[in-house]
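Okay, here's what each chain looks like letter by letter:
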Amino acid sequence: MCLRQNAVNFFQAQKQNLASCFCKNNPSHKSLKKRNCNEAKIENPRGGVTIDKDKPVTDRKKDKAEKLKPEQITQIQPQKLTVTLRSDEPQTFRLKFKRAEDYPIDLYYLMDLSFSMEDDLENLKNLGTDLMKEMQAITSDFRIGFGSFVEKTVMPYISTTPARLINPCTGNQNCTSPFSYKNVLKLTNNGAEFNRLVSQQQISGNLDSPEGGFDAIMQVAVCEEQIGWRNVTRLLVFSTDAGFHFAGDGKLGGIVLPNDGKCHLENNIYTMSHYYSLSSEVILENGRLPEGVSITYKSICKNDVVGTGENGRKCSNISIGDEVYFNISIESKKCPSNGKSEIIKIKPLGFTEEVELVLNFICDCQCASKGEPNSAKCHEGYGTFECGACKCNEGRIGRVCECSKDEVRTEDLDANCRKDNGTDICSNNGDCVCGTCECKKRENPAEVYSGKYCECDNFNCDRSNNKLCGGHGRCECRKCICDTNYTGSACDCSLDTTSCLAKNGQICNGRGTCECGSCKCTNAKFQGPTCEICPTCPGVCAEHKECVQCRAFKAGEKKSTCEQDCKYFNLITVKDRENLPQPTDQSFPLTHCKERDANDCWFYYTYAVRNDTKEVYVVEKLDCPRGPDIIPIVAGVVAGIVLIGLALLLIWKLLMIIHDRREFAKFEKEKMNAKWDTGENPIYKSAVTTVVNPKYEGK
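Parameters at a glance
Residues numbered from 1 in each chain as written. Predicted model: local features only at pLDDT ≥ 70, side-chain atom pairs only at ≥ 80, totals over all residues. Heavy atoms only, no water. Pairing = 2+ DSSP bridges. Helix = DSSP H or I, 4+ residues; strand = E, 2+ residues; numbered from the N terminus. Phe/Tyr/Trp six-rings, centres within 6.5 Å; stacked < 30°, edge-to-face > 60°. Buried < 20%, exposed > 50% of the residue type's maximum accessible area, 1.4 Å probe, protein only. Lys NZ or Arg CZ within 6 Å of the ring centre and 35° of its normal.

Spatial ordering of the open sheet is given by 2-4-15-12-13, a layout of 5 strands whose pairing is antiparallel. Two strands lie at the open edges of the sheet, namely strand 2 (76-77) and strand 13 (306-307), each paired on one side alone. The pairing of strand 12 (residues 293-300) with strand 15 (residues 323-332) spans 8 bridges and is antiparallel. Directly across from Lys 298, in strand 15, lies its bridge partner Asn 327.

This is the structure:
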């Protein structure tokens, strides 16, 4: 058998009381092969997982299945495993959990009967009855029990006067005597008895606001025989409107002893008060782990929801009949001191079923059993020669046990522990023992010093995102050895270019390079995750207008410098716009452009970049506006003027006729209304004189 790679590793193995085994995935194995070691003699023990009991989870329907006893129903699989652990080699297995149909349920209804519940008592009575009916619809194997509580039966929590001990309520209220906790009805399937007892409950009374609910809950949990709990799903419904007493509250009443967690029911009454949802979530818990053993959980819940870390222990919103899975990984950092097997148990919180894990540890190689005690190969018999190396006796160290721990260190020996004739012994990370550096141990067993002078370690490498080597590599001798597709001093530079792909499938839109998973734009005017944004750019069409115009139509501002300035693209002419490339036909970026020249003529072209080659397709003919037709325009103008003049004359004539008619009608009306004066001219003297005889009396 070949020896270990160096003395440091050997000394560390001796301190851990391990034999000289060799692991094929360790650097020491390569060193052994270089020394022409026999491959068949290099032991490489491996761990594994063996399933010892694997009863399938129960699959049945409530309305069709036969009646099964609780112990016949299985909700977690497998039930027992043997896990063989080798240091730093995790072992993983999968658990399946399924809530069984029609699983037996025990439900205990715990009611607060303090005086503050007086106005809620009738509702609570109805709640208990309705609760029993609903539960009977969920499972056919259902039992229900009932209990009540008030308060610790000592001052200052209740009044201890004789009258108040009989009836703690004031006025005409008829209340029952105060008590701490009372088991009224043991778990039963007799629903009528439950309804009867709940309906008979009476209010009691106490003095302070908090109630003795915790005392009652403790007794319900620990008094299995008195309550009648079975090894099935256990539910406790707790009804109260007040808070709890906290630890230390009992000192007010002279209660100094903590609750001992034991059952203290006599005739269903709690005697030590003066001394002391149907689950929709499954949570895994494990027992105490042996020293150096760690366990991690990963949950695969409904709808393939994955949880890790603390969330890996649980799955939520689990309905009856749902299946969820847990991938459980167990790892050991060192062998137990006794080297014996350990047993741990994993169970869903609130369920009685559990998984038993038997842990076996690989601490020695098989070759250790063939060791030669007090071998001459180990410096005068100061060690056992096993597995190709010396395992030194107590007090001896060295590759062949040549040194004593009590020997005085000399300058010559210390010189062998200084790197490059420096002043630091073992790089200040170890002790010089017999001219060989023995590196210090760290509190975290995963962190180690190594190297001939303890100059190396696996925890002082560069970090990224507060992770050693960015979480994408391993630390060897203070330098990061990056995983595939990662580089950089902290392995924080990804070589994957997926994040740099633009929508057109090009890296950084052809305007930059992909460095560490991010685009570095070659032109400062471009920006964005894939160099797609150019706030100061005039636009593709305006940018290339002059060059397209000068090359396609020998015109424009760059006509004189076209040969020098506009050679950067390939020009292809087409007959009409329908022959231009369309965006749906291309796998590269394509822009349609429409521009106008100095003569108000339009020209159409497309600009595209394909495989770093710029292509311009342009319609060979300009779209210019036609000249005006003079004769129709002149004729139209003359005709318009004539027509407008005639129209104005006709309108004027019509207005005059209307005006004359209105004036004539007014004249006629005034004429008809005229009245002529019949009086004579005062200057006029008539030639006729008429004389009247005053005496004449005519008949």
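Still to come is the rest of the account.
Looking now at the packing of aromatic side chains. Taken as a whole and judged by the stated rule, the model has 9 aromatic pairs. The interplanar angle of 35° and the centroid separation of 6.0 Å between the aromatic rings of Tyr 109 and Phe 146 together place this pair among those described as tilted. Linking Tyr 109 in strand 5 (residues 105-112) with Phe 146 in strand 6 (residues 142-149), this pair joins segments that are 37 residues apart in sequence. Accessibility assignment for this pair places Tyr 109 and Phe 146 in one class, buried. Through pairs of rings, three or more aromatic residues link up here, namely Tyr 109, Phe 146 and Phe 194. For Arg 442, the ring lying beneath its charged end belongs to Phe 459, and the centroid distance is 4.0 Å. We note Arg 551 situated over the ring of Phe 569; from NZ or CZ to the ring centre the distance is 4.6 Å.

We now examine unusual backbone geometry. Of note, the bond from Gln 77 into Pro 78 is cis; its omega dihedral lies within 30 degrees of zero at -5°. In this structure, Asp 600 takes a positive phi of about 65° despite not being glycine. The class for Asp 600 is partly exposed, based on a relative accessible area of 44%.

Sheet strands associate in pairs through backbone hydrogen bonding, adopting either a parallel or an antiparallel arrangement. Taken in spatial order, the 6 strands make up an open sheet running 1-3-17-16-11-14, and their pairing is mixed. Edge positions in the sheet fall to strand 1 (48-53) and strand 14 (314-315), since each has one partner strand and no second. The sheet contact formed by strand 3 (residues 80-85) and strand 17 (residues 355-361) spans 6 bridges and is parallel. The residue bridging Val 83 from the neighbouring strand is Leu 359, located in strand 17.

With that settled, the discussion passes to the environment of Ala 415. Position of Ala 415 relative to the elements: it lies in helix 8 (residues 411-415). Spatially, the C-alpha atoms of Ala 415 and Cys 432 are 9.2 Å apart, while their sequence positions differ by 17 residues.

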